[in-house]
Amino acid sequence: MQAAPVRATAIPSFTTALRAVESLLMSGGQRTARRNAWTSVLEDRRRAKDRVEAERVLDQTPAPRL
């Protein structure tokens, strides 16, 4: 019995396939704008998560005595 042959070329990932379709449908400027917009969305989500975490920590911290 012989082992199955090894593929010489890798199967593209889903992301690679989407980028290939994107490059066919959009001009370079549109791709850049879309990626910049998505990066902004991810950054906004990260800041919101950080804000919620900071509020949680502040709520758990006892008020200082004066």
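Preceding this section is the structure that the text describes.
Along each chain, the written sequence defines residue order, and numbers are assigned to residues from 1. In keeping with the model being predicted, local features are shown solely for residues with a pLDDT of at least 70 and side-chain atom pairs are shown and tallied solely at 80 or more, while totals for entire chains, interfaces and linings include all residues. Just so you know, side-chain values use all the structure's heavy atoms and leave hydrogens and water out.

K.L.:
Can you tell me about the overall build of the chain, naming the residues and giving the values?
P.N.:
The helix and strand labels rest on DSSP assignments: H or I over at least four residues marks a helix, E over at least two residues marks a strand, and numbering proceeds from the N terminus. Each helix and strand counted, the chain has 2 helices and 0 strands in total. Here the chain displays about 6600 Å² of accessible surface, and carbon together with sulfur accounts for 61% of that area. In this description, accessible areas are obtained by the Shrake-Rupley approach with a 1.4 Å probe, and a residue is regarded as covered only by the protein chains that are shown.

K.L.:
Residues and numbers for the packing of helix α1 (residues 14-25) against helix α2 (residues 28-60), please.
P.N.:
Between N-to-C directions, angles span 0 to 180 degrees; the directions come from axes that are lines fitted to C-alpha atoms, helices contributing only their stretch in contact. At their nearest, the axes of α1 and α2 sit 9 Å apart, and the two run at 135 degrees to each other. The angle between the axes of α1 and α2 places the two elements in the oblique class. Taking contact as the criterion, the partners of R19, E22 and S23 in α1 are, on α2, R31, R34 and R35. When the residues that make up the contact of α1 with α2 are grouped by side-chain class, the tally is no nonpolar, 1 polar and 5 charged. Roughly parallel here means an angle under 35 degrees, roughly antiparallel means over 145, roughly perpendicular means 65 to 115, and every remaining angle is called oblique. A contact between two residues is defined here by any heavy atoms of the two lying within 4.5 Å. Charged residues are taken to be Asp, Glu, Lys and Arg, nonpolar residues to be Ala, Val, Leu, Ile, Met, Phe, Trp, Tyr, Cys and Pro, and polar residues to be all remaining types, Gly included.

K.L.:
Provide a residue-level description of the pattern of salt bridges, including the pertinent values.
P.N.:
Note that side chains of opposite charge can pair when their charged atoms are close. Just to be clear on terms, a salt bridge is a Lys or Arg side-chain nitrogen sitting within 4 Å of an Asp or Glu carboxyl oxygen. Tallied over the entire structure, the rule returns 5 salt bridges. Of the charged contacts in the structure, one is a salt bridge between R46 and D50, with a shortest N-O distance of 2.6 Å. Of this pair, R46 and D50 both sit in helix α2, separated by 4 residues, roughly a single helical turn. Working definition: with a 1.4 Å probe on protein chains only, accessible area under 20% of the residue-type maximum means buried, over 50% means exposed, and in between means partly exposed. Here R46 falls in the partly exposed class, since its relative accessible area comes to 41%. Residue classification places D50 among the partly exposed residues on the basis of a relative accessible area of 40%. For the salt bridge of E53 with R56, the shortest nitrogen-to-oxygen distance reads 2.6 Å. With a gap of 3 residues between them, E53 and R56 both fall in helix α2, about one helical turn apart. Several salt bridges share partner residues, and in doing so they unite E43, D44, R46, R47 and D50 into one network.

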